[in-house]
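For reference, the chains in residue letters:
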Amino acid sequence: MTLYILRTLIKMVVTLFAIITLVFFATRLSGSPLDTFLGDGLTSEDREMMISYFGLDGSIWEQYLHYLKGVLEGNFGLSFMERRPVSEIVAERVGPSLQLLAAALALTLVISLPFGVLAALFRDKWIGSAIMSLAFVGYAVPNFIIATFMVLLLSFKWNLLPVVGNGTWAHFIMPTIAMSGVLIAALTRFTRNAMLDVLGQDFMRTARAKGLPEGVVVLKHGLRNASITVLSVLGLQIAGMAAAGNVVVESIFSWPGIGELLVSSAITRDYPVLQFGVITVALAVVVINALTDIAYAYADPRIRLGKM
């Protein structure tokens, strides 16, 4: 198990280095930030001083090496627009993003696991068909469509829920539903399929033959064994939600999180903020995937033994 964890950590480091490199060069493809944050009122001397101050006077490779040195030292630079460390700016946005992610994850687990189990138990009944039909529709509709529909209906037409910010519990309702919609549909389908594979196993028939209640058989023996597959899918879905779901949903609802910060910094070409924001999201995704692999290997020894 130690060797498996070590290999996972090495892959994490290599992946993060590749992401850091790609982010640096990709941001430079969007154009120069000078016209965005310098303005027209500066003299030529002041302009040259600002360019030198932000380290934009060197070649692309010099800037890259300087940036790598800063990453290793924990110095990610100053924001072009706000003139303060990007680590402070991103740190202010981490909390709201984690709150929204936790709310979406909680809603997903509360709905998808019971629905997946019911869809498997009543696969030949109308209940199972109805659940899978809803899951199919939810899986096919992107989260920005769900978000836009709720804004138009619940806010502009009926004036029931607020749209912008995260000031009250009511602000969480629409972003949480929009962010978890696709994940609920996907996890419901995977839970159903995993349960169907387990329900026909011999140990399930043995548990019933012992006279155990059906609830104990399904939840303790069935769902527990099916959770190995569900766990891997859940980790990948959470990683995808952290990487892409936050950006779209936070932008629509002006949620003060990292996703909204990435969009605004990309528009203004605030390279330091954009780079550190992407690295933060990438780190979260890589860590989630690594923890999922480790948990999956711990739950199923065949995984770690097969990769040694």
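Remember, it's a predicted structure, so these values are computed and weren't measured experimentally.

Across its 15 residues, helix α7 (residues 143–157) extends 20 Å between first and last C-alpha, which sits within 8% of the 21 Å expected from 1.5 Å per residue. The sharpest bend along α7 reaches about 25° and sits at Val-151. Within α7 the residues assigned to the buried category are Asn-143, Ile-146, Ala-147, Met-150, Val-151 and Ser-155.

A separate point is the nonpolar core. Counting residues in each nonpolar core, the largest one holds 19 residues, and the members touching the most others are Ile-20, Tyr-67 and Phe-76. Of all the elements in the fold, those that place two or more residues in this core are α1 (2–28), α4 (60–73), α5 (86–121), α11 (258–268) and α12 (271–299). Sort the elements by how many residues they give to this core and α12 lands first, with 6 residues. Two domains each donate at least three residues to this core, and these are domain 1 (1–73) and domain 2 (88–305). Leave out the neighbours within four places in its chain, and Tyr-67 touches Ile-20, Phe-24, Phe-76, Gln-275, Phe-276 and Ile-279. Counting residues in hydrophobic clusters, the runner-up holds 18 residues, among them Ala-170, Met-174, Met-241 and Val-249.

Size it by volume and the second largest pocket reaches roughly 260 Å³. Val-13, Leu-16, Phe-17, Ile-20, Leu-68, Val-71, Leu-72, Phe-76, Phe-276, Ile-279, Thr-280 and Leu-283 are the residues that line the second largest pocket. Within the lining of the second largest pocket, the residues separate by chemical class into 11 nonpolar, 1 polar and no charged.

Below, the discussion takes up the environment of Leu-160. Mapped onto the elements of the fold, Leu-160 is located in the loop between α7 and α8 (170–199). The spatial distance from the C-alpha of Leu-160 to the C-alpha of Ala-170 is 9.2 Å, given a sequence separation of 10 residues. Apart from residues lying up to four places away in sequence, Leu-160 is in contact with Leu-154 and Ser-155.

This part covers the packing of α5 against helix α6 (residues 126–140). Axis separation between α5 and α6 bottoms out at 7 Å; the angle between their running directions is 135°. In terms of orientation, α5 and α6 fall into the oblique class. α5 and α6 meet at a crossing whose hand is left-handed. Between α5, through Phe-115, Leu-118 and Ala-119, and α6, the contact on the second element is made entirely by Gly-128, Ile-131 and Met-132. Grouping the amino acids of the contact of α5 with α6 by side-chain chemistry returns 5 nonpolar, 1 polar and no charged.

According to UniProt, the "transmembrane region" (unreviewed entry) feature falls on residues 100–122, 134–156, 168–187, 228–253 and 273–299. In the segment residues 100–122, helix accounts for 96% and strand for 0%; the C-alpha atoms at its two ends are 33 Å apart. Within residues 168–187, the helical portion is 90% and the strand portion 0%, while the C-alpha atoms at the span's ends are 28 Å from each other.

What follows deals with α5. When the terminal C-alpha atoms of α5 are compared, their 51 Å separation across 36 residues agrees well with the 52 Å that a helix rising 1.5 Å per residue should span. When the local axis directions of α5 are compared, the greatest deviation, roughly 25°, occurs at Val-94, which is followed within four positions by the proline Pro-96.

Right, let's get into the pattern of salt bridges. Per the stated rule, a full pass over the model turns up 4 salt bridges. Taking the shortest distance from any N to any O, the salt bridge between Arg-84 and Glu-82 comes out at 2.8 Å. The class of Arg-84 is partly exposed, set by a relative accessible area of 23%. As a salt-bridge pair, Glu-88 and Arg-84 come within 3.8 Å of each other at their nearest N and O atoms. When its relative accessible area of 40% is taken as the criterion, Glu-88 is described as partly exposed. Three or more residues joined by partner-sharing salt bridges are found here, namely Glu-82, Arg-84, Glu-88 and Glu-92.

About the thresholds
Residues numbered from 1 in each chain as written. Predicted model: local features only at pLDDT ≥ 70, side-chain atom pairs only at ≥ 80, totals over all residues. Heavy atoms only, no water. Helix = DSSP H or I, 4+ residues; strand = E, 2+ residues; numbered from the N terminus. Expected span 1.5 Å × (residues − 1). Bend = angle between axes of the 7 residues up to and from the residue. Buried < 20%, exposed > 50% of the residue type's maximum accessible area, 1.4 Å probe, protein only. Core = buried A, V, L, I, M, F, W, Y, C linked by side-chain atoms within 4.5 Å. Domains from an automatic or database assignment. Contact = heavy atoms within 4.5 Å. 1 Å grid on protein atoms, 1.4 Å probe; cavity = no way out; pocket = protein on both sides within 12 Å on 5 of 7 lines; lining within 4 Å. Points joined across faces, edges and corners; volume = space filled by probe spheres on them. Nonpolar A, V, L, I, M, F, W, Y, C, P; charged D, E, K, R; others polar. Axes fitted to C-alpha atoms, helices over the stretch in contact; angles between N-to-C directions. Parallel < 35°, antiparallel > 145°, perpendicular 65-115°, else oblique. Left-handed = near helix turned anticlockwise from the far one by under 90°. UniProt positions renumbered as here; feature names shortened; annotations may be inferred. Salt bridge = Lys/Arg side-chain N within 4 Å of Asp/Glu carboxyl O.

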